[in-house]
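Coordinate analysis (summary)
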Amino acid sequence: MLLVNESINVTIPSYKQESSNVQYVIEIKTRNKQQWLITKRYSQFEDLHKKLILIFQDLPELPKKAFITFLVGKSKEQLEERRAGLEKYLQLLIVRREIYHSNLLRDFLQLEQCEEIIPPNLIHSTKTIMGIRDVSLSDQGVMFLLQADMSVLNRVDAYVNNMKMPWNDEETEVKTIPVGLVECYIKQEEGEFSYKRLWTKEYNTQAICMFYEPITCTLLIGLDSGNINFIKVSEKDSFQKYEQSIEIEIHISRIMGLFYRNGQIHSVSKDTHYKVIDMDQGGLKSDFSIGKHELTFLTYNEQRKISVVGNRNGQLYILNIKPVQPIVMLSVDTNTSFIRGLVLDYQKNYLISVSYDDGVICVLDVGKCLQDNIGKIKTKIQAKIKTREVQWSSKRGELFIGNDDGTVTIYNALDLQPQYVLKAHEKAITKLIWQESTQILITGGKDEFIKWWHFPKKWKAGDQDEQAKSKQLIEAKMENILKLQNQNQKIDSDEEDETGLGNWHK
């Protein structure tokens, strides 16, 4: 099916040749009847293509530069062939919404003259000591930043330095080099994004994952060694210090996910084990292996009393965490590999996973899967390979995908197509947090930065009016349905899903 951009039409009707210099005339027409001409050399198309390659995948092919000596020059047939090829190239770019919305193409075509896309706005950024591994924010105003040295050479050097040699006696104190740390910040009253650092705790092994439970002020740090650091922070002292810190030897390899509920720590590791430790009564309450492959992610939902585990082979496991020993209720084979990120929307029953190696996003209806006892994937989206993070906005109907190249791709759930690509960091995205109430996306990366991005309510200035009209039509339709149906008859919730995500369930 031929895709069309309804906002603009781009053609290259002609070219100008002066000696060996050829300028291609580009005509842009908009749907509101604006029209203008620009000229570009082939080398400018090449520059655009090189920049686009760094951000976008599966680009159309740019017409190749044929080798023609300066004595012969370019024939009219060759120039005409290139003109047609460049025109097709631009037309293929503008139908890709995420490319059309990018500053690179908009600057190239001088699209500031037509309808303006409202990009996310960077409202705050903070430089960190090491690369970001995890971020936790609480309504208490406290923020924890988990960091790790992302350089393999630095880590090897640190491990060698930190080893206790045979000639070191017990009393000799070896100065260790940290390769991981957690920082505690408190929000200042004078500004929404003004945080004061209170304390730092360093580790001689990589800090991998983190979980903070605000009711009991319990902070968990999962370490590369397989240990868990159990920390009690002091709210009565305004988080100025932590009162208790215990390192628990629990797994034999890297902790990949953990959470804390009802005085118990749930954790998974590369060693394939799911374990539960009771910190109140003491002792290991549950220890069982899930499958044959390394476990790579753990998330949970208290309302549904379930946890979800992903592994390196693309399997998902949904567990009932009501009993003392969690029970695997359902396993789902996504036919992907290395589950890197998971997000649960308990209100709509969506479970969204993303795999690192092949960049496939999978969407499941958890409620229906458990009801039918069949792990069926409802929708798949092909994203970039080496995708690391996923977040979901139910209100906007958009997926946020953090990539290894430092970009965040925003997908529209209505048509499963990219809406916008945000170049957020210079290195890999390692953490995404979406705040629905403020429409803010928090990003963390290997480049040692954490950033706050404010998203517009609508991508285009005119979208708000169109949305209001659409909402009025929906409300009128619903009113008619209510009149026609019996009072006791329940309207399917998909009819009211303004995001259109009900399409995933059809």
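Residues numbered from 1 in each chain as written. Predicted model: local features only at pLDDT ≥ 70, side-chain atom pairs only at ≥ 80, totals over all residues. Heavy atoms only, no water.

Counted under the stated rule, the structure contains 19 salt bridges. R83 is the partner of E87 in a salt bridge, and the nearest nitrogen-oxygen pair spans 3.7 Å. Within this pair, E87 and its partner R83 are both found in helix α2 (residues 76-94), separated by 4 residues, close to a single helical turn. Under the relative-accessibility criterion, R83 is labelled buried at 12%. A salt bridge links K241 to D237, with the shortest nitrogen-to-oxygen separation between them at 3.7 Å. The exposure class assigned to D237 is partly exposed, which follows from its relative accessible area of 29%. One continuous salt-bridge network, built from bridges that share partners, spans E80, R83 and E87. (Salt bridge = Lys/Arg side-chain N within 4 Å of Asp/Glu carboxyl O. Helix = DSSP H or I, 4+ residues; strand = E, 2+ residues; numbered from the N terminus. Buried < 20%, exposed > 50% of the residue type's maximum accessible area, 1.4 Å probe, protein only.)

What follows is about the UniProt feature "repeat: WD" (unreviewed entry) in the protein chain. Following the UniProt record, the feature "repeat: WD" (unreviewed entry) maps to residues 422-453 here. Between the C-alpha atoms that bound residues 422-453 there is a distance of 10 Å. The span itself is 0% helix and 62% strand. (UniProt positions renumbered as here; feature names shortened; annotations may be inferred.)

Reading across from one edge, β1-β2-β3 is the order of the 3 strands in this open sheet, with antiparallel pairing throughout. Every other strand in the sheet has two partners, leaving β1 (8-18) and β3 (35-40) as the edge strands with one partner each. Across the sheet, the mean angle from the axis of one strand to that of its neighbour is 20°, orientation sign disregarded. In this fold helix α1 (residues 42-53) packs onto β1, β2 (21-30) and β3, with an angle of close to 95° to the strand it touches most, β3. Against the sheet, α2 touches β1 and β2, its axis set at about 155° to β1. (Pairing = 2+ DSSP bridges. Axes fitted to C-alpha atoms, helices over the stretch in contact; angles between N-to-C directions. Contact = heavy atoms within 4.5 Å.)

For the rest of this paragraph, the subject is the nonpolar core. The nonpolar side chains of a soluble globular protein tend to be buried with one another. One finds V10, I26, F45, L52, L90, L93 and L109 to be the most contacted residues of the largest nonpolar core, which totals 30 residues. Breaking this core down by element, the ones donating at least two residues are β1, β2, β3, α1, α2, α3 (97-100) and α4 (103-109). Here the element with the most residues in this core is α2; it accounts for 6 residues. For L52, the residues in contact, after removing those within four places along its chain, are L59, Y89, L93, I99 and L104. Grouped together as the second largest cluster of nonpolar side chains are 25 residues, L258, V268, Y274 and V276 included. (Core = buried A, V, L, I, M, F, W, Y, C linked by side-chain atoms within 4.5 Å.)

With respect to burial, strand β19 (residues 315-320) is a largely interior element, 6 of its 6 residues being buried. Burial along β19 is two-sided: Q315, Y317 and L319 facing one way and L316, I318 and N320 facing the other are all buried. When strand β18 (residues 306-311) meets β19, the two strands line up antiparallel, connected through 5 bridges. Within β19, the position partnered with S307 by the bridge is L319. In the sheet, β19 pairs with strand β20 (residues 327-333) via 6 bridges, with the strands oriented antiparallel. Residue pairing across strands places Y317 opposite S331, the latter belonging to β20.

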